[in-house]
Amino acid sequence: MWPAVARAARMLRTRRVSVGRGDPAGEWAARLIGADRYVPGASVSLEDAGFYDVGGALVAWSVGELVEASKSTPMVRVRVPGCRARVWAKLEWFNPFSCSMKDRAVASLIRGASRHRIYEVSSGNTALALASLASARGLRAALYLARHAPMAAEEAIRLLGQRVERLPHPITVEARVDPGPGWERLGQFESPLNPAAHMRGTGREIIVQARHAGFRPSVFVAPAGTSGTVAGAGFMLHHYYRGNVRVYAVAPPRGDVVEGIRWQEWPSGWARLLLPPGTPLLHVSRREAVLMLRVFARLNGLLPGPSGAATLAAVRGLCRAGIVGAGDDVVVILPDHGLKYPGFLSEALGKVNRIP
Ligand code: PLP
């Protein structure tokens, strides 16, 4: 896998796909960046390798293939208070199953699973994506939800006909769960298929959308849970733009709760392997995310969930510190929609205090 990552980075920088005959690392590299039209033994441009063709014609032959058949999620220019940079938000709630970017990772991980019974711990979105895709593909799934996962996720999973249990833990990575013999863990924290989904999906789409809109991203900001999104998409942008994109990850400070993301040692997992050394992790509190939602919603007519609001608050922090300014094009990931989190919306309205 890792020689393939080095090859993928080279292909992005040189804008060419070259795969020798009988060259598994080269084939993996092409797959990672989403190039699927190359002739073994030849060197072709990214264009000819299909790199810039993101999304299909929006016809899926089965529900199980919907993620692959879907067009890319929209990117929209938004206004961030206190920021003179151009900010472009990728609206990941347009994904079909969990209405979050977790559809991408789960579709990729489920394809790599060898058993028919799959389980995973999740803060909500991975569980929703897995329950949906498992039902669509005739698989069994057991989901273990973190304490703060939305209540609606639990009900939705039951409706989808899959098993669900709630854990006492606020975060999921350390949770020890065991559904019994014959079950395979999906492995979102360990499997390279997680960041790979964001390399050939999220990251590639950003490149194509920026090209279409006529800008070059200079800053990329994304929230970090498993860090699959920030590391996979950040890797693509870093190499495609030859090191000219500054990548920032976002997480809450230790002890604070922002659904979907978690305090972590940094650089963790995928970030250490895929992002340039020194890539910062910005800490944003729940309070800052709540305050951001309050102004962002009115200014833009959009309601991102807590981790998206935290990401926007991080962007405002970079602007206020003068690290990001008028000449920058900033791409941010908004993982899911605020309507999933009625408690968070109430907090933003000032009706309730923070969740326990
Ligand atoms: N935001 C939300 C709402 C999520 O559900 C998740 C992951 O579950 C993340 C952010 C973090 O994404 P990643 O695990 O790719 O770092």
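In the block above lies the structure referred to throughout.
On a predicted model such as this, the values are computed, not experimentally measured, just so you know. (Residues numbered from 1 in each chain as written. Predicted model: local features only at pLDDT ≥ 70, side-chain atom pairs only at ≥ 80, totals over all residues. Heavy atoms only, no water.)

Asks: What is the right way to look at the site of the ligand in this model?
Replies: In the vicinity of the ligand, 17 residues are found, and the nearest of them are G225, T226, S227, T229 and S307. Backbone polar atom of S227 to an oxygen atom of the ligand: 2.8 Å apart, as the coordinates give it. At 2.7 Å, a side-chain N or O of S307 approaches a nitrogen atom of the ligand. For the ligand, the accessible surface in isolation is 390 Å², of which the surrounding protein chains cover 98%. Here the shell around the ligand is composed, by residue class, of six nonpolar, nine polar and two charged. (Near = heavy atom within 4 Å. Polar contact = N/O pair within 3.5 Å; in protein donor to acceptor, adjacent residues only side chain to side chain. Areas by Shrake-Rupley, 256 points an atom, 1.4 Å probe, with all protein chains shown as cover. Nonpolar A, V, L, I, M, F, W, Y, C, P; charged D, E, K, R; others polar.)

Asks: Help me understand the side chain of E92 in this model?
Replies: Note that E92 resides in the loop between β4 (86-91) and α4 (102-111). For E92, a relative accessible area of 0% translates into the label buried. One polar contact links E92 to R104, side chain to side chain, over a distance of 2.8 Å. Here E92 is in contact with T73, C99, S100, M101, R104, I333, L334 and P335, once residues within four sequence places are set aside. (Helix = DSSP H or I, 4+ residues; strand = E, 2+ residues; numbered from the N terminus. Buried < 20%, exposed > 50% of the residue type's maximum accessible area, 1.4 Å probe, protein only. Contact = heavy atoms within 4.5 Å.)

Asks: Before we go on, may I ask you to explain the pairing of strand β12 (residues 329-334) in this structure?
Replies: Note on strand geometry: in a regular strand, side chains alternate between the two faces of the sheet. Of all six residues in β12, six are buried, a share of seventy percent or more. Of the two faces of β12, the one lined by D329, V331 and I333 and the one lined by V330, V332 and L334 are each fully buried. Pairing between β4 and β12: six bridges, direction parallel. In the strand pairing of β12, R86 is matched with D329. (Pairing = 2+ DSSP bridges.)

Asks: Quick question: what am I supposed to make of the sheet that holds strand β7 (residues 163-166) here?
Replies: Within a sheet, each strand pairs with its neighbour through backbone hydrogen bonds, oriented either parallel or antiparallel. Taken in spatial order, the four strands line up as β7-β6-β5-β8 in an open sheet, and their pairing is parallel. Each edge of the open sheet carries a strand with a single partner, namely β7 and β8 (184-185). As paired elements, strand β5 (residues 117-122) and β8 share two bridges and run parallel to each other. The residue of β8 that forms the bridge with I118 is E184.

Asks: Could you clarify how one ought to interpret the sheet that holds strand β3 (residues 75-78) in this entry?
Replies: Taken in spatial order, the six strands line up as β3-β4-β12-β9-β10-β11 in an open sheet, and their pairing is mixed. Looking at the sheet topology across the chains shown, the edges are occupied by β3 and β11 (281-283). Strand-to-strand twist in this sheet, taken as the mean axis angle between neighbours without regard to direction, amounts to 30°. Along the sheet, helix α11 (residues 306-320) makes contact with β4, β9 (219-223), β10 (246-251), β11 and β12, crossing β12 at roughly 160°. (Axes fitted to C-alpha atoms, helices over the stretch in contact; angles between N-to-C directions.)

That's the geometry; what it means functionally is another story.
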